[in-house]
Amino acid sequence: MRKHWYDQQTIYQIYPKSFNDSNHDGIGDIPGITAKIPYLKQLGITTIWLNPIYQSPQVDNGYDVSDYYQVDSSLGTMTDVETLIKTVYEHGMYLIFDFVLNHTSDQHPWFKQALADPQSKYRDYYLWQDPAADGGRPNNWGSFFGGSVWAKDPAGGSQYYFHLFDKRMPDLNWKNPAVQQAMRDVAEFWVEKGIDGLRLDAFIHLAKADFRQTYPNRTGDSTPIISDMFYAHLPKVHQYLHDFVAVIKAKHPDTYVVGEASSADPHLMVDYTTPGTDECDQVITFRTFADDNTQDDPSFSDTFQPRPMDVTAYKQNTVGIQAALADTSLPTLYWNNHDMARVATRYGDPDYPQASAKALATALYLQRGIPIIYYGEELGLTNIRYHDIADFEDQTVPTFVASAQAAGKSKVEIMRMLNQTHKMAGRGPMQWDNTVYHGFSDHLPWKHGDTDDMNAQAEIADPDSIYHYYQQLLQLKQCAPFTNGQFIMLGSAEQLFTYLIDDGQKQAAIVCNLSAQAQTYLLPFVGGKVLLVQGGATYRGRQVTLPAWSSLVVKSA
Ligand code: NOJ
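Residues numbered from 1 in each chain as written. Predicted model: local features only at pLDDT ≥ 70, side-chain atom pairs only at ≥ 80, totals over all residues. Heavy atoms only, no water.

Trainee: What is the right way to look at the overall build of the protein in this model?
Mentor: In terms of helices and strands, the protein carries 15 helices and 21 strands. For the protein, the C-alpha radius of gyration of 24 Å lies close to 24 Å, the compact-globule estimate for 557 residues. Viewed in the frame of its principal axes, the protein has a C-alpha envelope of about 75 × 60 × 50 Å. Restricting the contact set of the protein to residue pairs at least 6 apart, pairs at least 24 apart contribute 70%. Accessible surface computed for the protein: about 22,000 Å², of which carbon and sulfur atoms make up 51%. (Helix = DSSP H or I, 4+ residues; strand = E, 2+ residues; numbered from the N terminus. Rg over C-alpha atoms; globule rule 2.2 N^0.38 Å. Contact = heavy atoms within 4.5 Å. Areas by Shrake-Rupley, 256 points an atom, 1.4 Å probe, with all protein chains shown as cover.)

This is the structure we're talking about:
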C-alpha cells in the first residue's frame, strides 16, 4: 500500500538559470519556469525540483546563499515564486526546493558579522580553529573544490574558518543550537509558503570530527587531502537531521525530504531512510555509477578522462541498492544531474542517439523507485561544448589541464575531454525550438557554446522521438506492476540490462541492450503482452532478439 503522495512521483530537475529566460537577459528565471509547467505536465512529470533560487553572489550558482528569505534578483521576485507555486498546484503537481543547510555564502550577514566582530554571537555560527603549532593551517583536510578546507580569517585575525566547498562558502556550525533553529525557521518559511518538499544539499557533512586530527600520509607533509572520515556520515548527522526534519514534519507531515547523500553506500541509505526515524524519505547517492577506467591514459591526471560505463559494475551497484532498500524506502533513479555530464554524452552512443537514450531510460526508470529526470534529458540533450577553459569555472580544472599538457595533449584534446566529462558542460541552456538560442532566450545565454541539433518543438512533432518515448515510459510507470512491484535482477550477458518487476500478481520483464552489438535473450516466461518496444527488438515464445541499443518491456499473461 502506498502511504504518501511522493511514493508515486516522477521528479523533473530544473537548473533555473538554464531552463527558460522570460526577461531577455540570457539567464533563465522563475516566470520562465512557470510558463513551461504545461510542457512538464504533458510529459508526465508530477514533481519539480528547483536548484537553489535564493539570493546569492552566484559563486556556485546559488549554492552560496546570502539571504534565504529572498529570491535572487536574476531569477525573479517573491511574487514570481508565489505565482509558480500556485501554477504548479493548479496543475495538480508538486514543487520541491533545494535547501542549502551545510554552508552559507561569505556575503551572508551572519558571516559578515562573524568577521566584523569576533565577540558577536554570529562568530559561533561558523567553524573556527586556531593555527597549527607552526602557524599554518589547523590540519591537512582537503576541500571538495580543491585545496584546504581552511581559509584565514579575512578580517586579519589569526584563526582559520572551515569550508568544505569554495572558500566563499563557509560551513555552518551545526553544534550551535541557534544555527539549528535558524535553519528550521528558513525551512518552515518556505514550507508555509506552499512548497511540498526539500532536497537537502550536502546534509551528510553537517557533523565534523575533532579538528586536531590529521589524515596520515606517507610523506608526512601537509598537502590537503580529501578526508571523508572526518566530515562525512558522522553519527551526529543523524541527530541533526532528525531534529530538523521532525520539527518540520510535526507541523507539515506531508513534506517530502530527499537528501543528497552523494557518498552513501546501501547501508547508509537504509540508515538515512528508515521509516519512523524522521530523517529522509529518500536519498540520492552517486554510488550507483560505475565507469570502466581500464582504458585511462596513465600519463596524466584521470580526473576528466572520458570513460565508458562499466555495465557489470553498474548492475552490481543497482542490485546492492535495490536489495538493501527493498523493505525500507524507494531508491531514487537518475542518470544525470547538475553535478555531472549529461547521460547522452556520457553513456549514449553517438551512432545510435535515439535508441541509446531510450534503452538507457528503460533500463533505469521502470525499476522500483522514483525517477528524477534532468531537464533536457527527455530530448536526448547532449553536453554543451565550450571553447574556453574558463567556462568550466572550477579550481580543479587548471591542475588537470597542466597535467594533460605536460603529457603532450593538445588544447583541442583537452577541451574535448572537459566538454565530455565536466559538470558545467551538463548545465547548458534548454533547447525549446530551432530559433536563435533555441528559444531559451533572445539574448546570448549565460552559458553558450556548440550544441547538437535537437529541440522540444521538433520532438513533440515526431511520434518516434525520445520525448514521446519518455512520455510513454512515464505513463507505464503509473500502471501495475510498476506501481508496487519488487525489483528482481535477471542474469544476462554483460551488455544486457534485464530485470523483472513483480507485484505478486503480474510480472513485467524489462530487457535492454546497452551496446551496439546485437544480442539475444531468453525471457523467464512465455507469452504476455508487449508494453513498450524500441530499436527493433522482437520476441517469439521466450526468445528476444535485440538489435543495437534496443529494448523491450513485456508483461506476463
Ligand atoms: C552539492 C550540489 O549538488 C553542488 O552543486 C554544490 O556545489 C555543493 N553541494 C555545494 O553546495
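Trainee: I keep staring at the site of the ligand and nothing clicks. Help me out?
Mentor: Every residue near the ligand is listed here: Asp60, Tyr63, His103, Phe145, Phe165, Met169, Arg199, Asp201, Glu260, His338, Asp339 and Arg427. Between the ligand and Asp60, the relevant distance is 2.5 Å, taken from an oxygen atom to a side-chain nitrogen or oxygen of the residue. The separation between an oxygen atom of the ligand and a polar side-chain atom of Asp339 is 2.4 Å. For the ligand, whose accessible area on its own is 290 Å², the fraction buried by protein is 96%. When grouped by side-chain class, the residues that make up the shell around the ligand number four nonpolar, two polar and six charged. (Near = heavy atom within 4 Å. Polar contact = N/O pair within 3.5 Å; in protein donor to acceptor, adjacent residues only side chain to side chain. Nonpolar A, V, L, I, M, F, W, Y, C, P; charged D, E, K, R; others polar.)

Trainee: Help me understand the sheet that holds strand β20 (residues 543–546) in this model?
Mentor: The strands making up a sheet associate through backbone hydrogen bonding, with each pair oriented either parallel or antiparallel. Here three strands make up an open sheet; going across it, the order is β17-β20-β19 and the pairing antiparallel. Each of the sheet's edge strands pairs with one partner strand only, and the pair in question is β17 (519–522) and β19 (538–540). Taken pair by pair, the neighbouring strands of this sheet meet at an average axis angle of 20°, ignoring direction. For β19 and β20, the ladder comprises three bridges, and the chain directions are antiparallel. Its bridge partner being in β20, Thr538 is matched across the sheet by Thr545. (Pairing = 2+ DSSP bridges. Axes fitted to C-alpha atoms, helices over the stretch in contact; angles between N-to-C directions.)

Trainee: Teacher, can you tell me more about unusual backbone geometry here?
Mentor: Put simply, Ala480 and Pro481 share a cis peptide bond, and its omega is 0°. Within the fold, Pro481 resides in the loop between α15 (466–477) and β14 (486–489). Of note in this structure, Tyr437 is not a glycine but carries a positive phi near 55°. Mapped onto the secondary structure, Tyr437 falls in the loop between α13 (411–421) and α14 (456–461). When its relative accessible area of 30% is taken as the criterion, Tyr437 is described as partly exposed. Of note, His438 is a non-glycine position whose phi angle comes to about 55°, a positive value. (Buried < 20%, exposed > 50% of the residue type's maximum accessible area, 1.4 Å probe, protein only.)

Trainee: Where do I start with the pairing of strand β16 (residues 507–513) in this structure?
Mentor: The side chains of a regular strand alternate, residue by residue, between the two faces of the sheet. Of all seven residues that make up β16, six are buried, and the element is covered over most of its length. As defined by bridge partners, strand β15 (residues 496–502) adjoins β16 across seven bridges and the pair is classed as antiparallel. Within β16, the residue paired with Leu500 across the bridge is Ala509. Strand direction decides the pairing type here: β16 and strand β21 (residues 551–555), joined by five bridges, are antiparallel. The partner of Ala509 across the bridge, within β21, is Val554.

Trainee: Got a minute to help me understand the nonpolar core in this structure?
Mentor: Generally speaking, a soluble globular protein has its nonpolar side chains buried in company with each other. One finds Tyr12, Phe203 and Phe244 to be the most contacted residues of the largest nonpolar core, which totals 162 residues. Among the elements that line this core, the one with the most residues is helix α11 (residues 353–365), at eight residues. Discounting residues that sit within four places of it in the chain, Phe244 has contacts with Phe99, Leu101, Trp174, Met183, Arg184, Ala187, Leu198 and Leu200. In terms of nonpolar packing, the next biggest core, distinct from the first, is built from 13 residues, Leu500, Phe525, Val544 and Leu546 among them. (Core = buried A, V, L, I, M, F, W, Y, C linked by side-chain atoms within 4.5 Å.)

Trainee: What's the story with the domain arrangement of the protein in this structure? I'm lost.
Mentor: Bring the parts together and some accessible area is lost; that lost area is often taken as the interface size. Domain parsing of the protein yields domain 1 (5–102 + 177–294 + 306–392 + 427–473), domain 2 (109–162) and domain 3 (482–555). The interface of domain 1 with domain 3 comprises 27 residues on the first partner and 27 residues on the second. Summed over both partners, the interface of domain 1 with domain 3 comes to about 2,100 Å²; 69% of that surface belongs to carbon and sulfur atoms. Contact with domain 3 buries area across many residues of domain 1, yet Val311, Lys315 and Leu366 alone supply 25% of it, more than any other trio. (Domains from an automatic or database assignment. Buried area = accessible area lost by both parts, 1.4 Å probe.)

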